[in-house]
Amino acid sequence: MVPPRRGRMEAVERSAPVTTLELFFDLVFVFALTQVTAWMAKGVGAPTTENVVRGVLIVVILWWSWVGFAWLCNVVKADEGAVRVGMFLAMAVMFVAALTIPEAFVDIPGGLYGPAVFAACYFAARVVHIGMFWLASREDPQLRSQLVRFAVPTAWGTIMLLVAAQTEGTTQTVLWAVALLGDLAGTRVSGNQWRIHSPTQFAERHGLIIIVALGESIVSIGVGVVNLPISWPIIAASALGLAVVGALWWAYFDVTALVTERAFAAAEGEERIRIARGGYTFLHLPMMIGIILLALGLKKAMNYIAGDSGHHLSDPLYGVSLIALLGGTVLYLAGHAGFLRYVAGQVSPVRLVTIAVLVALLPVAWFLPAIVTLALLAAVLCTMIAYEAHRYAEARHTVRHEEHEG
């Protein structure tokens, strides 16, 4: 038997699991998301609208960088051949980008020009991604043609970001938005000739990155009070924060992840590509943004509840911090409902009612102590989960155990 050539890429099989290298790759994004939350929350006052908008744009950059490799590693194995080298190269440049997040928009004097370094890292990550895909498609002319069409909006996005690095203020923010919108829109219309070899692996990868983001929310709960003496308000608020994050985990992984994965696996041809792009690439993005905004809101709520920086237990959470807490949760649930509808064709009325309740709560919460707002958020989400578990108990059991019973 002739041994395979060194550096040769190997195709992903239908039943392939997520590799340990992909999980290792995700560690860079754990750090990057932590950087984003810390940057948006910097200072003793409420976060500024500008910082939050820019933080969201950075999350989109991180997501677009991550998701490209999720598609690549569903075509060829991440831990075999040249792809392994490409993954480490991408990790290196994205780690430098993560280090540069605090000066992605405004340079910190004394070193390299931060905005240009961040933009250059994004450019380098896209070059590695497209280069690896180009090698992976050498025996697939249709996929290579798709890659050429995809490279056009990618070039637009990266070049515009490099241009934006040379500007300041509102102009810079607008150019970032234009770059990303062009990249996203171009991807949407560039065609359906991609490849998904393992729907299960692809769905699992996206579930794992949701867990990474939820983990950042848990970190934010602790970071908000880590240097303060423990107290009953801190203990109570920590429990409430964990209940909120736990409810969001339950909303995704208890049933939805299973239903959507099976619908995804049952699809074939261009329909599978449509689900992968629309359901996972696009509709997971608002979920990611929502979780990061929630993490920001939780961090600020913990500051208020713990009495940090002159705050008192009776102080209300207001402004951008409150909008991040409740609005981030709403955005997550909206993305989640859209994902379920898009992939499995199911509508969740309970989730829609929950969104309406949280929107109605926003003006009321403006005048409530932060711990009361957090308690109400936890109560609404836990009620949603409890009602669904009771109302749809039989259907839930069937979904969760049908493979074992079959």
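Residues numbered from 1 in each chain as written. Predicted model: local features only at pLDDT ≥ 70, side-chain atom pairs only at ≥ 80, totals over all residues. Heavy atoms only, no water.

Moving on, we get to the nonpolar core. Within the largest apolar cluster, 128 residues are counted, with the highest numbers of intra-cluster contacts made by Ile 58, Leu 62, Trp 71, Ile 101 and Trp 176. If you tally residues by element for this core, the top one is helix 2 (residues 49-72), at 15 residues. Setting aside residues no more than four positions away along its own chain, Ile 58 makes contact with Val 36, Trp 39, Ile 101, Ala 104, Phe 105, Phe 118 and Trp 176. (Core = buried A, V, L, I, M, F, W, Y, C linked by side-chain atoms within 4.5 Å. Buried < 20%, exposed > 50% of the residue type's maximum accessible area, 1.4 Å probe, protein only. Helix = DSSP H or I, 4+ residues; strand = E, 2+ residues; numbered from the N terminus. Contact = heavy atoms within 4.5 Å.)

Checked against the element boundaries, Ser 321 lands in helix 12 (residues 319-344). Residue Ser 321 is classed as buried on the basis of its relative accessible area, which comes to 0%. Sequence-distant contacts of Ser 321, that is, excluding residues within four places in its chain, are made with Ala 46, Pro 47, Gly 297 and Lys 300.

Given 3.6 residues per helical turn, the α-helix brings residues three or four places apart onto the same face. Taking 1.5 Å per residue as the helical rise, helix 13 (residues 349-365) with its 17 residues ought to reach 24 Å, and the 24 Å between its terminal C-alpha atoms agrees with that figure. All of the buried residues in helix 13 are Val 350, Arg 351, Thr 354, Ile 355, Leu 358, Leu 361 and Ala 365. Buried residues along helix 13 cover an arc of 140 degrees about the axis, so they all sit on one side. Every exposed residue of helix 13 that faces more than 90 degrees away from the buried side is listed here: Val 353 and Ala 360. (Expected span 1.5 Å × (residues − 1). Arc of directions from axis to C-beta.)

In a structure, side chains of opposite charge can pair up when their charged atoms sit close to one another. Counted by the stated rule, this structure contains eleven salt bridges. A salt bridge links Asp 26 to Arg 205, with the shortest nitrogen-to-oxygen separation between them at 2.7 Å. One end of the pair, Asp 26, is in helix 1 (residues 20-40); the other, Arg 205, is in helix 7 (residues 199-223), with 179 residues separating them in the sequence. A salt bridge links Arg 195 to Asp 140; the nearest nitrogen and oxygen atoms lie 2.9 Å apart. With a gap of 55 residues between them, Arg 195 in the loop between helix 6 (169-189) and helix 7 and Asp 140 in the loop between helix 4 (114-136) and helix 5 (141-164) connect regions that are remote in the sequence. Through salt bridges with shared partners, a single network forms among Glu 22, Asp 26 and Arg 205. (Salt bridge = Lys/Arg side-chain N within 4 Å of Asp/Glu carboxyl O.)

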